[in-house]
Amino acid sequence: MNTPPKPTLSEFLIVAVAPMCWAGNIVLAKGVATSIPPTALAFWRWAVAFLVLLPLTWSYVKRDWKTAWTGWKILGLLAFLGVTCFNTLLYMAMHTTTAINGALIQTTMPAVIILISLILYGERVTWVQAIGVSLCVVGAGLVVLKGRWQALMDMALVQGDLLMIVAVVLYALYSALLPKRPNMHPMSFLTYTFGLGCLGLLPLYLWEMWIVGTFALTPGVAGSIGYVAFFPSIVAYFCWNRGVAVIGANRTGLFINLIPFFAAILAIVFLGESLKAYHLGGMGLILLGIVMFNRKGR
């Protein structure tokens, strides 16, 4: 039996790009919550991303048409979970919950991925890897709670918290099911899932327009849509899917815990916040947890 090649440092760095982009997505979503409705932001995010990708990936899309048609069930399921649902629920959650609650709930995703992988594939983790996961969660909690653990006791579960929990479970399922995706080019896979996911959003977007109306396409809103269409969508999803293919769903899922750290950095750069001891402490715990989890394979 051939031993799979050991992942390289560059492959881990590629995975780290995804949480960096998604941290910007959370910060931006909170900033434009009053300017654009959540489903509208999600729909135009994926619509623009799809229209940008399609001309660039058309040769792969055309070549993989038969593969996509044969595997339409799993392809449609992945598009529904990872594109239609996750960010739409995240954008909705940002209207009724705090950034602390949302970020903290999102850091539970690695544990949910491991649980789903255990159920679906019977995968196991060593005690060293379990400690690594725990360190990542504690480190992420240290960052999002700003070193005040009493804040955890003060948080109330609101509608946005429940939406974030559902979003995390659905995206963890997406990550765990990625190895079952059809055998096609990565860019072709992204194009198909973006298109199908956007199509799934269309009825909800039309319903939202009927209920709350349209939005004003200001330069700020246009720039926001451009950012979420390119970085958290095309760049992040390519890096994330590449990570699952190379280092596995469980290892890739652990990198979700970098989102609070990157979000803190963005707040320092764009909001003028100062670097605190809990930022350094949290990042140290997260990095230690990632190293421990990847130290010993199953």
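Note: the structure precedes this text.
The sections below set out a description of the structure shown in this document. Treat the numbers as computed from the prediction; the structure is a model and nothing was measured.

1. Here's the deal with the overall build of the protein
Within the protein, the regular secondary structure consists of 14 helices and zero strands. Mapped from its N terminus to its C terminus, the protein presents α and β elements in the order α-α-α-α-α-α-α-α-α-α-α-α-α-α. For the protein, contacts bridging at least 24 residues in sequence account for 90% of all contacts bridging at least 6. Of the roughly 14,300 Å² of accessible surface on the protein, a fraction of 72% belongs to carbon and sulfur atoms.

2. Let's talk about the nonpolar core
Of all hydrophobic cores here, the largest spans 88 residues; its most connected members are W22, Y174, F194, Y237 and W240. Beyond its immediate stretch of four places on either side in the chain, W22 contacts R45, Y171, P232, A236, Y237, W240, I256 and I259.

3. Topic: the packing of helix α9 (residues 159-177) against helix α11 (residues 219-247)
The geometry of α9 relative to α11 is characterised by a closest axis approach of 9 Å and an angle of 55° between their N-to-C directions. Accordingly, the angle class assigned to the pair α9 and α11 is oblique. Between α9 and α11, the residues in contact are Y171, Y174 and S175 and Y237, W240, N241 and V244, respectively.

4. Topic: the pattern of salt bridges
Here the structure, examined in full by the defined rule, presents two salt bridges. A salt bridge links R242 to E11; its shortest N-O distance comes to 4.0 Å. Note that R242 is positioned in helix α11 and E11 in helix α1 (residues 9-31), a separation of 231 residues in sequence. What makes R242 partly exposed here is its relative accessible area of 41%. The class of E11 is buried, set by a relative accessible area of 19%.

5. Some details on the side chain of E208
By the secondary structure assignment, E208 is in helix α10 (residues 186-212). In this structure, E208 is buried with no salt-bridge partner, the nearest side chain bearing the opposite charge being R45 at 14 Å. A polar atom in the side chain of E208 sits 3.0 Å from the backbone nitrogen of T39. If we ignore the near neighbours within four places in the chain, the residues touching E208 are P37, P38, T39, A40 and G213.

6. Digging into the environment of F189
Within the secondary structure, F189 is located in helix α10. Taking the C-alpha atoms as reference, F189 lies 8.0 Å from V61; in sequence the two are 128 residues apart. When neighbours within four sequence positions are excluded, F189 is seen to be in contact with L75, L78, Y174, L178, R181, M184 and N241.

7. Re the packing of helix α6 (residues 109-121) against α9
Packing of α6 against α9 leaves a shortest axis separation of 9 Å and a crossing angle of 50°. With respect to each other, α6 and α9 are oriented oblique. Crossing hand, α6 versus α9: right-handed. Contact residues: M109, V112, I113, I116, S117, L120 and Y121 in α6; V168, V169, Y171, A172, L173, S175, A176 and L177 in α9. When the residues that make up the contact of α6 with α9 are grouped by side-chain class, the tally is 13 nonpolar, two polar and no charged.

The rules behind the values
Residues numbered from 1 in each chain as written. Predicted model: local features only at pLDDT ≥ 70, side-chain atom pairs only at ≥ 80, totals over all residues. Heavy atoms only, no water. Helix = DSSP H or I, 4+ residues; strand = E, 2+ residues; numbered from the N terminus. Contact = heavy atoms within 4.5 Å. Areas by Shrake-Rupley, 256 points an atom, 1.4 Å probe, with all protein chains shown as cover. Core = buried A, V, L, I, M, F, W, Y, C linked by side-chain atoms within 4.5 Å. Buried < 20%, exposed > 50% of the residue type's maximum accessible area, 1.4 Å probe, protein only. Axes fitted to C-alpha atoms, helices over the stretch in contact; angles between N-to-C directions. Parallel < 35°, antiparallel > 145°, perpendicular 65-115°, else oblique. Salt bridge = Lys/Arg side-chain N within 4 Å of Asp/Glu carboxyl O. Lys, Arg positive; Asp, Glu negative; His and termini not counted. Polar contact = N/O pair within 3.5 Å; in protein donor to acceptor, adjacent residues only side chain to side chain. Left-handed = near helix turned anticlockwise from the far one by under 90°. Nonpolar A, V, L, I, M, F, W, Y, C, P; charged D, E, K, R; others polar.

What is shown is where atoms sit, not what they do.
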